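Listed below are the residues making up each chain.
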Amino acid sequence: MSVTRNLMIGIIALLIPLVAELISPETGLGFGVLLYWPFDFAYALLVGAIFVASSLLSTSGTGALIPLIVAMACWLGWFTVSFLAVGQLHLSLGYQL
């Protein structure tokens, strides 16, 4: 359960919708990537699967329950921070939700 690995995954995964929002703020592309594109919650589910896979691969002979709980907590934290960051960026660029 590497904290550094989870932080790096979270930061890289956060940058993708933020860059999409910066490229096209008037259409809300960052929200589209984060929540809807190509289907509902596709990106969020992909990031969750990456967190889970990363946590399960880092276990060395221990049970899988604790790493799964940590992965789910990281995923929930990432989604909350990402949603708030993309929303704040969208609003700070002068567009409405």
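Right above here is the structure, for reference.
Bear in mind the structure is a predicted one, so any value in this text is a computation, not a measurement.

Peer 1: Describe helix α1 (residues 3–23), naming the residues involved and giving the relevant values.
Peer 2: The end-to-end C-alpha distance of α1 is 30 Å, a good match for the 30 Å that 21 residues give at a rise of 1.5 Å each. Listing the buried residues of α1 in full gives Asn6, Ile9, Gly10, Ala13, Leu14, Pro17, Leu18, Ala20 and Glu21.

Peer 1: An account of the layout of surface pockets is requested, with residue identities and associated values reported.
Peer 2: A volume near 220 Å³ is recorded for the largest pocket. In this structure, the largest pocket is lined by 13 residues; those nearest its centre are Asn6, Leu7, Gly10, Phe51 and Cys74. Secondary structure elements with two or more residues in the lining of the largest pocket: α1 and α4 (65–92). Of all the elements, α1 adds the most residues to the lining of the largest pocket, at six residues. When grouped by side-chain class, the residues that make up the lining of the largest pocket number ten nonpolar, three polar and no charged.

Calculation notes
Residues numbered from 1 in each chain as written. Predicted model: local features only at pLDDT ≥ 70, side-chain atom pairs only at ≥ 80, totals over all residues. Heavy atoms only, no water. Helix = DSSP H or I, 4+ residues; strand = E, 2+ residues; numbered from the N terminus. Expected span 1.5 Å × (residues − 1). Buried < 20%, exposed > 50% of the residue type's maximum accessible area, 1.4 Å probe, protein only. 1 Å grid on protein atoms, 1.4 Å probe; cavity = no way out; pocket = protein on both sides within 12 Å on 5 of 7 lines; lining within 4 Å. Points joined across faces, edges and corners; volume = space filled by probe spheres on them. Nonpolar A, V, L, I, M, F, W, Y, C, P; charged D, E, K, R; others polar.

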